[in-house]
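# Understanding the architecture of this molecule
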Amino acid sequence: MNEPFDDQIILNDLRWVCSAPSLLEAHSQIWQPGLLDYDQITAKIDSNHLNSLALARTKKLGGYFEQLVFSLFTLSDDYQVLAFNQVFNNSQRTLGELDLLIKHKSGEVIHLELALKFYLWAESELVSQFNWVGAGLTDFFALKLARLASHQLKISQIAIKQQCWPDLPKPDRSMLWIPGRLFLPEGMALRDTICEFSDSPWRLNPSALTSHWQIDHDLKKHENNALVKGDWLTGYASRPEAAMKRYQLPMQFAGKENSPVFILPGNWQNDAKATIENKQLNYELNCTKPKR
């Protein structure tokens with residue numbers, strides 16, 4: 001693959017990050033697209049930035065997303081990066097990590113948490129917030145949002161209270177940047193799902209990016225559209241041959257108009273149903289336990 005094509009892939013990823021809608025609807029704590037000037041930023045980008053991001057793209061997707069966001073703020077005329085992946089420790093233990101501390105040209109200091117997420121709506125007889133599940137059936141959107149609301153967005157307050165805040169300006173507010181994509185059974189609409197979550201103050205964004213999942217045993221017809229993890233952002237298959245070398249379902253493939261499709265193993269729906277119903281029952285049991 002030649003270098004100009006590599007560069008364009010990275011630029012497309014940066015554009016996607018700037019413009020992708022949040023998975024959560026407008027709220028004072030939710031970062032919305034349009035707050036960064038893509039054209040101004042990419043006019044300043046150089047080969048060092050592009051090469052660094054190309055390397056990050058070959059590694060974990062969450063880390064790549066963080067590096068894309070870090071580059072956007074580093075190159076922005078409107079913001080200054082004060083800290084990136086700042087770990088807080090008190091005398092006994094690690095309290096947590098702050099993703100980004102940025103300062104706007106207005107003087108406002110923002111603690112920004114970053115979360116790139118892809119969840120699937122799995123059907124079950126017992127319908128609940130836990131029907132939003134990761135493809136590996138170990139990650140639940142509701143639990144992730146609860147953790148973000150109760151701990152990660154409060155990490156700066158916790159560090160200040162524990163007197164382990166470093167020599168940095170204290171944030172005026174904390175916000176969550178959470179783009180991604182939601183996958184539905186074919187023919188189902190987002191409005192037909194659970195859009196609220198019990199232990200966080202946010203709702204699903206009706207304009208969130210969506211696509212669908214399917215069970216398919218004939219992957220030969222999809223092999224030219226296989227996506228490496230970095231392709232999950234735009235849905236464009238940049239290196240299908242590399243993706244198929246590491247082929248293991250669940251896996252994303254480019255669909256019509258580069259709308260990715262999650263293809264799942266044959267037993268996925270039955271496994272998901274059992275996992276979701278067990279999680280909901282345990283959640284209800286814990287909610288009814290008397291507080292000590």
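Scroll up a little and you will see the structure.
Residues numbered from 1 in each chain as written. Predicted model: local features only at pLDDT ≥ 70, side-chain atom pairs only at ≥ 80, totals over all residues. Heavy atoms only, no water.

### Side note on the nonpolar core
Note the cut-off: Throughout, nonpolar core names a set of buried Ala, Val, Leu, Ile, Met, Phe, Trp, Tyr and Cys residues whose side chains join them through atoms within 4.5 Å. When accessible area is computed with a 1.4 Å probe and restricted to protein chains, residues below 20% of their type maximum are described as buried, those above 50% as exposed, and intermediate ones as partly exposed. Helix numbering and strand numbering both begin at the N terminus, where a helix is a DSSP run of H or I of at least 4 residues and a strand a DSSP run of E of at least 2. Contacts: residue pairs with any heavy atoms within 4.5 Å of one another.
If you look at the biggest cluster of nonpolar residues, it comprises 76 residues, and the most contacted ones within it are Trp31, Phe73, Trp132, Phe141 and Trp177. Broken down by element, this core gets its largest block of residues, 8 residues, from helix α4 (residues 61–75). With near-sequence residues (within four places) excluded, Phe73 lies in contact with Trp31, Leu36, Tyr79, Val81, Leu100, Ile102, Leu112 and Trp177.

### Section: the pairing of strand β10 (residues 261–264)
Threshold: Here, strands pair whenever DSSP counts at least two bridges between them.
Neither face of β10 is open: one carries Val261 and Ile263, the other Phe262 and Leu264, and all of them are buried. Sheet topology places strand β8 (residues 210–215) next to β10; 4 bridges connect them, and they run parallel. Among the inter-strand pairings, His212 is bridged to a residue of β10, identified as Val261. Of the pairings in the sheet, the one linking strand β9 (residues 251–253) to β10 comprises 3 bridges and is antiparallel in character. Residue pairing in the sheet places Met251 in a bridge with Ile263 of β10.

### Here we look at the packing of aromatic side chains
Operational definition: Note on aromatic contacts: the rings of Phe and Tyr and the six-membered ring of Trp form a pair at centre separations within 6.5 Å, being stacked when their planes are under 30 degrees apart, edge-to-face when over 60 apart, and tilted otherwise. The rule is short: NZ of Lys or CZ of Arg within 6 Å of the ring centre and within 35 degrees of the ring normal puts a charge over the ring.
All told, the structure shown has 17 aromatic pairs when counted by the stated rule. Three or more aromatic residues joined by ring pairs form one cluster here, namely Trp31, Phe65, Phe73, Tyr79 and Trp177. One cation-aromatic arrangement involves Lys229 over Trp232; the distance from NZ or CZ to the ring centre is 5.0 Å.

### Concerning the pairing of strand β2 (residues 94–104)
Note on strand geometry: in a regular strand, side chains alternate between the two faces of the sheet. Looking at chain direction, strand β1 (residues 79–89) and β2 are connected through 9 bridges and run antiparallel. Among the inter-strand pairings, Asn89 is bridged to a residue of β2, identified as Thr94. What sits between the antiparallel neighbours β1 and β2 is a turn of 4 residues. As paired strands, β2 and strand β3 (residues 109–114) are joined by 4 bridges and run antiparallel to one another. Across the sheet, Leu100 pairs through a bridge with Leu112, a residue of β3. Taking the residues between adjacent antiparallel strands as the criterion, β2 and β3 are bridged by 4 residues, where Gly107 takes a positive phi near 105 degrees.

### Considerations on the packing of helix α3 (residues 47–57) against α4
The angle between the axes and the distance between the axes are what describe a pair of packed helices. Keep this limit in mind: Fitted lines through C-alpha atoms serve as axes, helices being fitted only where they are in contact, and the angles separating the N-to-C directions of these axes extend from 0 to 180 degrees. By the definition adopted for this analysis, an angle is roughly parallel if under 35 degrees, roughly antiparallel if over 145, roughly perpendicular if from 65 to 115, and oblique otherwise. Rotating anticlockwise by less than a right angle from the far helix to the near helix defines a left-handed crossing, while the corresponding clockwise rotation defines a right-handed one.
Close contact between α3 and α4 brings their axes to 9 Å; oriented N to C, the two are set at 165 degrees. Classed by the angle they form, the pair α3 and α4 counts as roughly antiparallel. The handedness of the crossing between α3 and α4 comes out as left-handed. Two secondary-structure elements touch here, α3 through His49, Leu53, Ala56 and Arg57 and α4 through Tyr64, Gln67, Leu68, Ser71, Thr74 and Leu75.

### Things to note about α4
Put simply, the rule is: Expected span, for any helix, means 1.5 Å times one less than how many residues it has.
Taking 1.5 Å per residue, 15 residues should reach 21 Å; α4 reaches 21 Å between its end C-alpha atoms and fits that length. Of all the residues in α4, the buried ones are Leu61, Tyr64, Phe65, Glu66, Leu68, Val69, Ser71, Leu72, Phe73 and Leu75.

### Overview of the sheet that holds strand β7 (residues 180–185)
Sheet strands pair via backbone hydrogen bonds, and the direction of the pair is either parallel or antiparallel. Spatially, β5-β4-β7-β8-β10-β9 is the arrangement adopted by the 6 strands of the open sheet, whose pairing is mixed. Here the strands that pair on one side only, and so sit at the sheet edges, are β5 (132–133) and β9.

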